[in-house]
Amino acid sequence: MSAPPLIADATEADLPGLLAIYNQVIATSTAVYSYDPVTLEDRRSWWRARLAQGYPVLVARDADGVAGFSSFGDFRAWPGYRFTVEHTVHVRSDGRSRGLGTALVQALFPRARALGKHVMIAGVDAANAASIRFHERLGFTQAALLREVGFKFDRWLDLVFMQRMLSPP
Ligand SMILES: CC(C)(COP(=O)(O)OP(=O)(O)OC[C@H]1O[C@@H](n2cnc3c(N)ncnc32)[C@H](O)[C@@H]1OP(=O)(O)O)[C@@H](O)C(=O)NCCC(=O)NCCS
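Residues numbered from 1 in each chain as written. Predicted model: local features only at pLDDT ≥ 70, side-chain atom pairs only at ≥ 80, totals over all residues. Heavy atoms only, no water.

1. Topic: the sheet that holds strand β3 (residues 65-74)
Here is step 1: Spatially, the seven strands line up as an open sheet ordered β1-β2-β3-β4-β5-β7-β6, and their pairing is mixed. Strand pairing shows two members of the sheet lacking a second neighbour, β1 (6-9) and β6 (141-152), which therefore form its edges. Taken over all neighbouring pairs, the strand axes of this sheet differ in orientation by 25° on average, direction set aside.
Here is step 2: Pairing analysis gives seven bridges linking strand β5 (residues 119-125) to strand β7 (residues 155-165), with the strands arranged antiparallel. Paired with Gly123 across the bridge in β7 is Phe161.
Here is step 3: The strands touched by helix α1 (residues 15-28) within the sheet are β2 (57-62), β3, β4 (84-91) and β6, with β3 carrying the most contacts at an inclination of about 75°.
Here is step 4: Of the strands in this sheet, β4, β5, β6 and β7 are in contact with helix α5 (residues 129-137), which crosses β5 at around 160°. (Pairing = 2+ DSSP bridges. Helix = DSSP H or I, 4+ residues; strand = E, 2+ residues; numbered from the N terminus. Axes fitted to C-alpha atoms, helices over the stretch in contact; angles between N-to-C directions. Contact = heavy atoms within 4.5 Å.)

Next comes the structure, spelled out in structure tokens:
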């Protein structure tokens with residue numbers, strides 16, 4: 001049996017590896033509804049903002065460096081949504097299907113609970129069958145389908161919202 005993946009809080013030294021994964025996902029998929037690569041400074045600002053809010057940015061590391069990352073932030077800005085967070089997770093293309101994504105999201109649950117969060121949301125492109133299956137395996141259920149709310153690669157994109165309770169209702 002292989003050792004469980006090492007999940008840790010991201011440090012500033014992890015940001016170039018995290019950036020490379022994120023930009024590869026932007027360039028090659030509809031998992032992120034962005035068009036252009038982001039800069040290291042952009043990821044540094046994002047990482048600092050998450051930490052300033054008390055929210056985690058986690059990485060999985062392997063022999064080649066950062067193999068994946070996960071994080072969560074506020075779902076929506078209004079105060080009544082304060083017990084709900086929306087997460088993100090991306091794994092390096094050569095590190096997928098090895099359980100890293102699962103470990104990265106499972107590590108978010110206790111962190112969110114410790115902050116008193118009640119619900120975690122995943123916004124998944126409707127064509128991303130792997131991610132929908134992945135989230136179902138993690139206990140997320142499909143809650144909404146928003147048709148043609150995104151646009152990338154010259155086509156409309158449908159967005160599935162999935163949710164997972166973090167604490168009993
Ligand atoms: C989606 C993603 C985060 C999953 O991470 P991962 O490390 O590859 O997933 P895991 O190895 O932990 O897989 C757990 C389960 O998810 C499902 N799954 C993962 N990859 C899959 C694939 N390509 N096709 C179908 N199901 C898949 C499987 O049910 C798998 O369980 P199993 O191996 O016992 O069958 C990763 O593939 C990724 O980064 N993809 C590109 C970016 C992306 O889509 N990010 C998510 C945006 S919402």
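Having seen the model, we can carry on.
2. Observations regarding unusual backbone geometry
Here is step 1: Positive phi is not limited to glycine here, since Ser97 has a value of about 60°.
Here is step 2: Structurally, Ser97 is set in the loop between β4 and α3 (100-106).

3. As for helix α2 (residues 40-52)
Given 3.6 residues to a turn, an α-helix orients residues that are three or four positions apart in the same direction.
Here is step 1: The end-to-end C-alpha distance of α2, which contains 13 residues, comes to 18 Å, matching closely the 18 Å that a straight helix rising 1.5 Å per residue would cover.
Here is step 2: All of the buried residues in α2 are Arg43, Arg44, Trp46, Trp47 and Arg50. Each buried residue of α2 lies within a common arc of 165° when the element is viewed along its axis, so the set occupies one face.
Here is step 3: Contacts from the buried residues of α2 go to α1, β2, β3 and β4. (Expected span 1.5 Å × (residues − 1). Buried < 20%, exposed > 50% of the residue type's maximum accessible area, 1.4 Å probe, protein only. Arc of directions from axis to C-beta.)

Function cannot be inferred from these measures alone, as they are strictly geometric.
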